[in-house]
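An overview of the molecular structure
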Amino acid sequence: MDIQSVLQLVINGILGGGVYALAALGLALIFGVSGVLNLAHGEFLMLCGFVTFLGYDRLGINPFLLVFLIPPVFFALGYGFERILIRPLALRKEHVRLASATLVTLGAALIFEDVASFASAGTEFDKSIGYFIGSLTVGSVVLPSLKLIIFGLVLLLMAQLAWFLKYTYVGLAVQAVTQNARGAQLSGVNTATINGVAFGLGTFLAAAAGALEVIHSSVSPLVGLPLTLKYLCIIVMGGLGSFAGVALGGLIIGLSESIVGYFTPAWGQTVAYLLLVGVLLVRPKGLLGR
Amino acid sequence: MRLRAFLLPGAVLLFVLGLPLVPFDARVYVMQELTLLFLYAGLAQSYDLVGGTLGYINLGHIVFFGLGAYTVGILFNVGVPLAAGLLAAIAVAAAFAAVVSIPFFRLRGAYFSLATFALVKLMEQIANNLRGLTGGSSGLKILAENRVVPTYYAMFGLLIVAVVTTLAINRSRLGLGMKSIREDEAVARDFGVPTMRIKAQALMISSAFPAVLGGLFVWYINFINPAEVFGLKMALQPVAMAMLGGSGLAIGPLLGSTFLYGLEEFIWTRFEHLHGAMLGLIVVLVGLFMPGGLARLRPVERLLERLGLKEDDQ
Amino acid sequence: MTDSLSRAPLKPAAARGAPLISVRGISKRFAGLRALNGIDFDVAQGSITSIIGPNGAGKTTLFNVIAGDEPPTSGTVMFDERPLIGLAPNEICRLGVSRTYQSVRPFFGLSVRNNVLVALLYGRRAVPARGELDERMAGILEFVHLAGKAERRAEQLTPLDRKRLELARALATEPRLLLLDELIAGLTPTETGEMMDTVRAINASGVTILLIEHVMKAVMGLSHTVIVLHHGEKIAEGEPQAIARDQAVIRAYLGDAATAVIPADT
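Residues numbered from 1 in each chain as written. Chains lettered and ligands numbered in written order. Predicted model: local features only at pLDDT ≥ 70, side-chain atom pairs only at ≥ 80, totals over all residues.

On to the overall build of chain C. What chain C contains, in helices and strands, is eleven helices and ten strands. Classification of the 266 residues of chain C by burial places 42% in the buried group. Within chain C, residue pairs in contact and separated by at least 24 positions form 66% of the contacts whose partners lie at least 6 positions apart. (Helix = DSSP H or I, 4+ residues; strand = E, 2+ residues; numbered from the N terminus. Buried ≥ 20, exposed ≤ 12 C-beta atoms within 10 Å, placed from the backbone. Contact = placed C-beta atoms within 7 Å.)

This is the structure we're talking about:
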């Protein structure tokens, strides 16, 4: 096993993990602000990937253009989702609210998944924009250009998110609500609106991830729920209140799947869950959780 | 409980017990359907001990089901009879519950739910990978035999035990301790409740039922694989059923499982497409408009009261 | 009216015996913020001691430390010669310490009866016998004026009744030390008088009481001793009338300008 191959694995892992982290960040935002396990999160990823594919396949639009055009629409969708389905639950007792939100988002996920399956039946099952731009070779490590570009976009989006959270009023309000909803409310923050914004933003990120994913890989109608659950695991592992933790979690998962998957393919998938359980046993609040 | 309370259960009991004895065309089919219903209801009922009475939404309940199924399946293939296998399944599940409760019950709310769910996926992966023991993803087979009637009675019997257990716990000191944890765990501790111990006990009791159900399942279907016994549907269905019917009440999971099962049957036979979407819609509507579940709807409560089946919900 | 305002007769310090609870050097730090800094005091058996101070002075944190809900950064608490620090809250409860909460927290989804029952079944050293339970329950509910509401769910109670319920629950554990966190806050004058009588009756039955209070009528009317906290430090301790005149206390509550207006010997 030479250093080049290891490096290659690591690079692949990081590049793969990047898109994970983006969607996971979106979900972390939603979870951190509203405390809701949005089981429909992955469905938005899938739906946007689907729409992006259709845009490219049927209308011939450049997929990178679509990445900039379509996710913003999903911001509105996410906001609307929160308004219609989650806001009505706000006044319920804590564990009742958790249960109701779980049911509502689960039901929504089932609806999206089934409708997407139905709509895509007859055409290809896995949507993939096989976009080939060749690769860069640094030393003897091959860096697939497509993945690099996508990773670059991911980093760009993350940087924008970080900027938003630190330097805009709404962003600060989001952080405030994540840390202490009651306190933020008492300080004059309209938590209802912020919840909506968080959902919108989180969904936007998931949509972006979906669009990017379909460019270099593929998206199947059934991928929503398993992905959501995986992201939730990433968030829990990274720790609540720490977006860095989530990014770290996504990275670790991506890396370990890539590396372990290379040596023993069977255990590749297992790793994610093993890590999660392991981390929680040692640090119940997650790696970087507060 | 008043005498009136035994009317409906009594009637149901007679119906279920007598069914296999009445010769009619669709008899076996109905028995098979009911057997599955008893299975789901049993899972939902036992789940609700932790999810409803204790207030911890345990998405990992199905782990015990898979453990039980594989334990019985593996032992059966080396000649261990069913009864002994089921006892082993209970032991395995209880031990597993005791061990995982220590770290997992340090987590709260959504964290706990996610961690327990991850456990399911983990067990699925392990089952897939321990080829030698479990047959991997191709599954585990046992000697095929027609076991419809005994399974029918066994699952029904187990369901009854689950319901009775729930009722007994809800009236007991343990049950009160569990409810206090659900209401406000920190305050419960302040008033002497040994929270860690009670949570572990609740999980262990709750684990026995899916373990036996799993064992019966493999004995009945003759074949199991990780994707099925640790699958998403198997894991979330009992939870949805309990919540739909009314989490925290003994009759809740029963109502919820019957309702959802019946609904699924109805949708499958009447409509050609979009079954999942329709079910999803129902789930959304229940979540939005029936936070306490079916059992806590006014008209349903009144009906239950008239039947003598209303429970103390506090 | 004057009756509820008058204090219980003071016992001379020597006659009160060894302190039931001794707090020494309790400090609590939260990520850079010093909530408590070197708190020292004794509470005599059978006495009523009030802890007062401006908001944020660390009073509830102190209660949390004593009850075992939060570990202190340093310091010890001795209860009847026994160290409390390091014990779990449920163990501390069994030893005889009970409390109410500033943000009233009964078990909302449970009935009044079940609220008290939890404490009866778990909060005492030995689990009581079946027959004894009903008797104790009736007695406690009667005492706090909640008889007849036993089957009502806690969340349906009025704020006053919720406070009574918290008291009932706390009493059910047969405590030797009762920590009352702002019990009187938000009550009408009549309700205040009644609650004060109840507190006195509890104290008369032998229970030592630690009160966090803002309502001066209650502080003055109930306490044998008053301890004043400010910014996590103890700035005064003594009899109620002396505290009311203490310059440091006045400065803490009203600011420096006030001491210029209120002379030292009033």
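After presenting the structure, the write-up continues.
This next bit is on the sheet that holds strand β1 (residues 19-30) of chain C. Taking strand neighbours across the sheet as the criterion, the four strands line up as β2-β1-β4-β5 (chain C) in an open arrangement whose pairing is antiparallel. Since the sheet does not close on itself, it has two edges, and those belong to β2 (33-44) and β5 (82-83) of chain C, each with one partner. (Pairing = 2+ DSSP bridges.)

Core analysis: the biggest nonpolar cluster contains 276 residues, and A23, A24, C233 and L276 of chain A together with A115 of chain B have the highest contact counts within it. The residue makeup of this core includes at least three contributed by each of domain 1 (1-96 + 177-266) and domain 2 (102-174) of chain C. Other than its neighbours up to four places away in sequence, A24 of chain A contacts Y231, I234, I235, V246, G249 and G250 of chain A. (Core = buried A, V, L, I, M, F, W, Y, C linked by C-beta atoms within 7 Å. Domains from an automatic or database assignment.)

Taken residue by residue, the interface counts 23 residues in chain C and 17 residues in chain B. Of all the elements in the fold, those that place two or more residues in the side of chain C that touches chain B are α3 (89-95) and α4 (112-122) of chain C. Per-element tally for the side of chain C that touches chain B: the top contributor is α4 of chain C, with six residues. Partitioning the side of chain C that touches chain B into residue classes produces eleven nonpolar, six polar and six charged. (Nonpolar A, V, L, I, M, F, W, Y, C, P; charged D, E, K, R; others polar.)

Residue and element names in this part refer to chain C. Overall, mixed pairing links the six strands, which are arranged β6-β7-β8-β3-β9-β10 in an open sheet. Two strands in the sheet have a free side with no partner beyond their single neighbour: β6 (97-99) and β10 (233-238). When the angles between neighbouring strand axes are averaged without regard to direction, this sheet yields 20°. Note that strand β7 (residues 177-181) and strand β8 (residues 208-212) share five bridges and pair parallel. Paired with D181 across the bridge in β8 is I212. Against the sheet, helix α10 (residues 247-254) contacts β9 (225-230) and β10, and its axis sits at roughly 130° relative to β10. (Axes fitted to C-alpha atoms, helices over the stretch in contact; angles between N-to-C directions.)

All names here are of chain C. By the assigned domains, chain C splits into domain 1 (1-96 + 177-266) and domain 2 (102-174). With twelve residues of domain 1 in contact, the opposing surface of domain 2 contributes ten residues. If you list the elements that add at least two residues to the side of domain 1 that touches domain 2, you get α3, β7 and α7 (189-204). Take the side of domain 1 that touches domain 2: its biggest share by element is three residues, from α7. Each residue belonging to the side of domain 1 that touches domain 2 can be placed in one class, and the counts come to five nonpolar, three polar and four charged.

Residues and elements named next belong to chain C. Phi angles above zero are rare outside glycine, and E81 is one such case at about 70°. Here E81 shows up in the loop between β4 (74-79) and β5. With 9 C-beta atoms packed within 10 Å, E81 lands in the exposed category.

Okay, the interface of chain B and chain A next. Interfaces are frequently sized by the accessible area removed from exposure as the parts join. Across the contact, 38 residues belong to chain B and 37 residues belong to chain A. At the level of secondary structure, the elements contributing two or more residues to the side of chain B that touches chain A comprise α5 (109-129), α11 (232-245) and α13 (275-289) of chain B. Ranked by residue count, the leading element in the side of chain B that touches chain A is α5 of chain B, at 14 residues. Taken together, the residues that form the side of chain B that touches chain A break down as 25 nonpolar, ten polar and three charged.

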